[in-house]
Amino acid sequence: MKLERLLTMTMILINRKKVKAQELAELFNVSVRTIYRDIETLSCAGIPVISQQGVNGGIHLMEGYRVDKQVLTKDELISLSTAIKSALTTYEDSHAEAVLEKLTCIADDQVKQSMDHLFVDFSPWGPNVLFKEHMTTLKNAIESMHCVSLYYSTTHGEQTSRIVEPHTIVQKGKTWYLYAYCTLRKDFRLFKLARIKNLLQEETIFERKEVNLSELPWGKKWHQPQNVVNLVIFFDKAITTLVEESFGAEYIDHEQSIINIAIPEDEWLYGFLLSFGHRIKIIEPLYIRDIIQKRAQEIVLLYKNQDN
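Below is a summary of the structure that appears in this document. (Residues numbered from 1 in each chain as written. Predicted model: local features only at pLDDT ≥ 70, side-chain atom pairs only at ≥ 80, totals over all residues. Heavy atoms only, no water.)

## A look at the sheet that holds strand E11 (residues 280-284)
Threshold: Here, a strand pair is defined by DSSP locating no fewer than two bridges between the strands. The helix and strand labels rest on DSSP assignments: H or I over at least four residues marks a helix, E over at least two residues marks a strand, and numbering proceeds from the N terminus.
Spatially, four strands are ordered E9-E10-E8-E11 in an open sheet, and the strand pairing comes out antiparallel. One side of each edge strand has no neighbouring strand; the edge strands of this open sheet are strand E9 (252-253) and E11. Two elements, E9 and strand E10 (residues 258-264), share two bridges in a ladder whose sense is antiparallel. Each bridged residue has a counterpart across the sheet, and for isoleucine 252 the counterpart in E10 is isoleucine 259.

Spelled out as structure tokens, the structure:
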């Protein structure tokens, strides 16, 4: 741990002109005295660290000190930087922040500019404090192989208490999920993060099960034939751009304004189709058309009832 801290500290000092001992102490969660001992260790190792006292003081390296910057190529630096910045939009990770500091350190000015050309922000719109807390808790539990307890709500509002073995955090489409072994159902389940409440890391340690993540196991049951419906939908040309964005241009016949797509059928699908209002019309299958029509009528009745 000390070796990692010394390496990270060196990279920070190379990247910055000057840094306060207190700032380093807070970053590594150690005392200021420990930081000064680390400085002595670095000095003994031949790294020219200078410590200045006073209001404008701080810790810095002797001017002209450099390290070999050919460890990674320009494209590798940019790719790693983009990936780490994106991850940090969803959870707190001091180690990832330290790695980003190192990458910035060994990048020249041209590469540093390129690092800002693409930014992927996975966080939701608006305040995301609870979202980040959940992500951080789950990440820590996955790494330490600790079970987590939670309350999970179904689409109908039914809530169950679960203890699960967290394996992977998954982003599918625009939604975040937890892929975990559920001790209640005795099987792997995909839990939508937005439906998780009272998330706590337990003391119980589990043994990670063999899961081939490259095969995207969470998508297998989801896309089994019995769970998928083949939709034929007519759409208003005025919302062509929205339709392309929502369904994918490859599923659209622009000449006939028709969408042909196979998609998993569940409560989400019904709400998704209703969100287009009168701008789309279900052609096939007829039973999906009937479901959407019935729900639309229920909405109309709800607003006609003056008591509500």
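## Description of the packing of helix H2 (residues 21-28) against helix H3 (residues 32-44)
Formally: Throughout, an axis means a line fitted to C-alpha atoms (over the contacting stretch in the case of helices), and angles, computed between N-to-C directions, take values from 0 to 180 degrees. Here the angle decides the label: under 35 degrees means roughly parallel, over 145 means roughly antiparallel, 65 to 115 means roughly perpendicular, and every other value means oblique. Should any heavy atoms of two residues lie within 4.5 Å, those residues are considered in contact. Each residue gets one label: Ala, Val, Leu, Ile, Met, Phe, Trp, Tyr, Cys and Pro are nonpolar, Asp, Glu, Lys and Arg are charged, and the others, such as Gly, are polar.
At a minimum axis distance of 8 Å, the contact between H2 and H3 shows a crossing angle of 105°. Taken together, the axes of H2 and H3 are roughly perpendicular relative to one another. Touching Ala21, Gln22, Leu24, Ala25 and Phe28 of H2 are Val32, Ile35 and Tyr36, all from H3. The class makeup of the residues in the contact of H2 with H3 is seven nonpolar, one polar and no charged.

## Describing the packing of helix H10 (residues 267-274) against helix H11 (residues 286-304)
Selection rule: Crossings are sorted by hand: turned counterclockwise from the far helix by less than a right angle, the near helix makes the crossing left-handed, and turned clockwise it makes it right-handed.
In contact at an axis separation of 10 Å, H10 and H11 are set at 65° when each is read in the N-to-C sense. In this view, H10 runs roughly perpendicular relative to H11, as classed from their interaxial angle. Considering the relative orientation of H10 and H11, their crossing is right-handed. On the side of H10, the interface is formed by Glu267, Tyr270, Leu273 and Leu274, while H11 contributes Ile288, Ile291, Ile292, Arg295 and Ala296.

## Brief notes about the packing of aromatic side chains
Geometrically, a pair of aromatic rings is defined through the distance of the ring centres and the angle of the planes. Applied cut-off: The aromatic pairing rule takes the rings of Phe, Tyr and Trp, using the six-membered ring of Trp, and pairs them if the centres are within 6.5 Å, calling planes under 30 degrees apart stacked, those over 60 edge-to-face and the rest tilted. Note on geometry: a ring has a charge over it if NZ (lysine) or CZ (arginine) is within 6 Å of the ring centre and within 35 degrees of the ring normal.
Tallied over the entire structure, the rule returns eight aromatic pairs. Grouping aromatic residues by their ring pairs yields a cluster made of Phe247, Trp268, Phe272 and Phe276. Across from the ring centre of tyrosine 181, 4.2 Å away, lies the NZ or CZ of lysine 209, which sits over that ring.

## So, the environment of isoleucine 261
Relative to the assigned elements, isoleucine 261 resides in strand E10. Taking the C-alpha atoms as reference, isoleucine 261 lies 9.8 Å from valine 228; in sequence the two are 33 residues apart.

## Description of a nonpolar patch on the surface
Cut-off, in case you're wondering: Distance thresholds for patches are 9 Å for like charges and 5 Å for nonpolar side chains (Val, Leu, Ile, Met, Phe, Trp, Tyr), applied to residues having over 30% relative accessible area and no salt bridge. All accessible areas in this document rest on Shrake-Rupley with a 1.4 Å probe, and a residue is counted as covered only by the protein chains that are shown. A pair is scored as a salt bridge if a Lys or Arg side-chain nitrogen falls within 4 Å of a carboxyl oxygen belonging to Asp or Glu.
Judged by side-chain polarity, Ile299, Leu302 and Tyr303 come together as a nonpolar surface patch covering roughly 350 Å² of accessible area. Positionally, tyrosine 303 belongs in helix H11.

## Quick word on the sheet that holds strand E4 (residues 159-172)
Remark on secondary structure: sheet strands pair via backbone hydrogen bonds, oriented parallel or antiparallel. Pairing is antiparallel across the open sheet formed by five strands, whose spatial order is E6-E5-E4-E3-E7. One side of each edge strand has no neighbouring strand; the edge strands of this open sheet are strand E6 (187-192) and strand E7 (196-205). On average, each strand axis in the sheet is tilted by 45° relative to the strand beside it, whichever way the strands run. For E4 and strand E5 (residues 175-182), the ladder comprises eight bridges, and the chain directions are antiparallel. Note that in E5 the partner of glutamate 165 across the bridge is tyrosine 181.

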